[in-house]
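As a plain string of letters, each chain reads:
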Amino acid sequence: MTWIAFFLILASVVLHAGWHFLSKSRQPTCAFFLLVSASDFLFTLPFALHSGLELTNLPPRFYWLALGGGLSGTLCDLGLSTAYRKAEVSLAYPLARALPVLFTAALTIALGLGARPGPLALTGMVVLFAGCLLMPLVRFSDFRPASYWNPALGGILIAALGTTGYTIFDSQALKLVAQYGNTSELGGAIGYMALRESILFSGLALYILPQRNQRSCFTRALFRQWHPYLAGVFAALAYVLILLAMRQVTNVSYVQAFRQLSLPLGVLLGVLILKERCTLSKLLGMCLVVAGLILTALKS
């Protein structure tokens, strides 16, 4: 992984942790995420229209990949909305971010997508995953299956599957953009982002709007809250940076691993601002995350 990719991801994780913090601070519903997606799409659309991306040049496979990326993003948001309502961000956030590290590495290896991560990089990913498992614990004696079996678990698993899906779909779509899009890296990333977000928004709308209680939440939040709109801008900027970083790595699992830099930041925001608990297990977990990233970097 290049230094350019590292700094792109570093900037992205600050924005990413920021929008997830905004989400948790408002006890988000699915309707909240719909507003985030709408803000994300409207923010990127003007730039996408001037990106120079020639969508008509792209092969049919690109549109299937964009559809997969958008629907996976929808799945991720639905999972997060459930997890954040039922658990502390310092529990839900690390677990939802940890599982895709292993899922993405396993799938890219199984499908032969990109260069195979070396043993040291894979070890780093496992260490990172272990750190994520420690972060939610109150005490070390709580390290048992029952500690993770809670009402938020289903949402966490759904979010993890969605994150894995859009990471792989988007990385493959960007390769086609680079080959056929006839635009710059930034133009291709922004153009693809707007298309993907329109699919994500449509998926959320189809799920949310038929439900009366969700429609009520959407109507109440539409003009009375600024948080989802700011979160949408943060989310858009964060993911455009990630799309650019995907062009700089030999396997997208490295991007997935290094995005976990947002974990210590997310936990600190939860502890310092939302007054969530800070435990020795959380601190050790953060140290393992950093150690895992260092191991991954040595062979990436």
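Residues numbered from 1 in each chain as written. Predicted model: local features only at pLDDT ≥ 70, side-chain atom pairs only at ≥ 80, totals over all residues. Heavy atoms only, no water.

Turning next to the side chain of Thr44. With respect to the element layout, Thr44 can be found in helix α2 (residues 30–49). At 3.1 Å, the side chain of Thr44 forms a polar contact with the backbone oxygen of Asp40. There is a polar contact of 3.1 Å between the side chain of Thr44 and the backbone oxygen of Phe41. Thr44 has contacts with Ile190, Met193, Ala194 and Ala236, leaving out every residue within four places of it along the chain. (Helix = DSSP H or I, 4+ residues; strand = E, 2+ residues; numbered from the N terminus. Polar contact = N/O pair within 3.5 Å; in protein donor to acceptor, adjacent residues only side chain to side chain. Contact = heavy atoms within 4.5 Å.)

In this structure the tally under the stated criterion is two cavities of 30 Å³ or more. Taken as a whole, the largest cavity holds about 290 Å³ of empty space. Mapped onto the lining of the largest cavity, the elements with two or more residues apiece are α1 (3–25), α2, α3 (60–86), α4 (89–111), α7 (153–180), α8 (185–208) and α10 (227–246). Within the lining of the largest cavity, the residues separate by chemical class into 15 nonpolar, six polar and six charged. (1 Å grid on protein atoms, 1.4 Å probe; cavity = no way out; pocket = protein on both sides within 12 Å on 5 of 7 lines; lining within 4 Å. Points joined across faces, edges and corners; volume = space filled by probe spheres on them. Nonpolar A, V, L, I, M, F, W, Y, C, P; charged D, E, K, R; others polar.)

Ile156, Leu243 and Met246 are the most contacted members of the largest nonpolar core, which has 84 residues in total. With twelve residues, α10 is the single largest residue contributor to this core. For Met246, the residues in contact, after removing those within four places along its chain, are Thr167, Asp170, Ser171, Leu174, Tyr239, Val252 and Val255. (Core = buried A, V, L, I, M, F, W, Y, C linked by side-chain atoms within 4.5 Å. Buried < 20%, exposed > 50% of the residue type's maximum accessible area, 1.4 Å probe, protein only.)

Turning next to the pattern of salt bridges. The final tally for this structure, using the stated rule, is two salt bridges. Note that Arg196 and Asp170 form a salt bridge whose closest N and O atoms lie 2.7 Å from each other. On the criterion of sequence distance, the pair formed by Arg196 in helix α8 and Asp170 in helix α7 is long-range, its members being 26 residues apart. An identical accessibility class is assigned to Arg196 and Asp170; each is buried. Close ionic contact of Arg196 with Glu197 constitutes a salt bridge, the shortest N to O distance being 3.7 Å. (Salt bridge = Lys/Arg side-chain N within 4 Å of Asp/Glu carboxyl O.)

A contiguous nonpolar patch, built from Leu75, Phe103, Ile158 and Leu161 and spanning about 320 Å² of accessible area, is present on the exposed surface. By secondary structure assignment, the location of Ile158 is in helix α7. Relative accessible area serves as the criterion here: at 37%, Ile158 is assigned to the partly exposed category. (Patch = residues over 30% accessible without salt bridge, like charges linked within 9 Å, V, L, I, M, F, W, Y side chains within 5 Å. Areas by Shrake-Rupley, 256 points an atom, 1.4 Å probe, with all protein chains shown as cover.)

In the contact formed by α3 and α7, the axes pass within 7 Å of each other and the chain directions differ by 155°. With respect to α7, the element α3 is oriented roughly antiparallel. When the axes of α3 and α7 are compared, the crossing they make is left-handed. Its residues assigned to classes, the contact of α3 with α7 comprises 14 nonpolar, eleven polar and two charged. (Axes fitted to C-alpha atoms, helices over the stretch in contact; angles between N-to-C directions. Parallel < 35°, antiparallel > 145°, perpendicular 65-115°, else oblique. Left-handed = near helix turned anticlockwise from the far one by under 90°.)

Throughout the structure, instances matching the rule amount to four aromatic pairs. Ring geometry for Phe62 against Tyr192: centres 5.8 Å apart, planes inclined by 65°, an arrangement best described as edge-to-face. Taken together, the residues span a long stretch of sequence, with Phe62 in helix α3 and Tyr192 in helix α8 at a distance of 130 residues. Tyr192 carries the same exposure label as Phe62, and that label is buried. Ring centres 5.5 Å apart and planes at 85° place the aromatic pair Tyr166 and Tyr239 in the edge-to-face group. Of the two residues, Tyr166 is situated in helix α7 and Tyr239 in helix α10; the sequence distance between them amounts to 73 residues. For the residue pair Tyr166 and Tyr239, the accessibility class agrees, reading buried in each case. Ring pairing ties together the aromatic residues Phe62, Tyr63 and Tyr192, which thus form one cluster. (Phe/Tyr/Trp six-rings, centres within 6.5 Å; stacked < 30°, edge-to-face > 60°.)

None of the figures reported here should be taken as evidence of function without further support.
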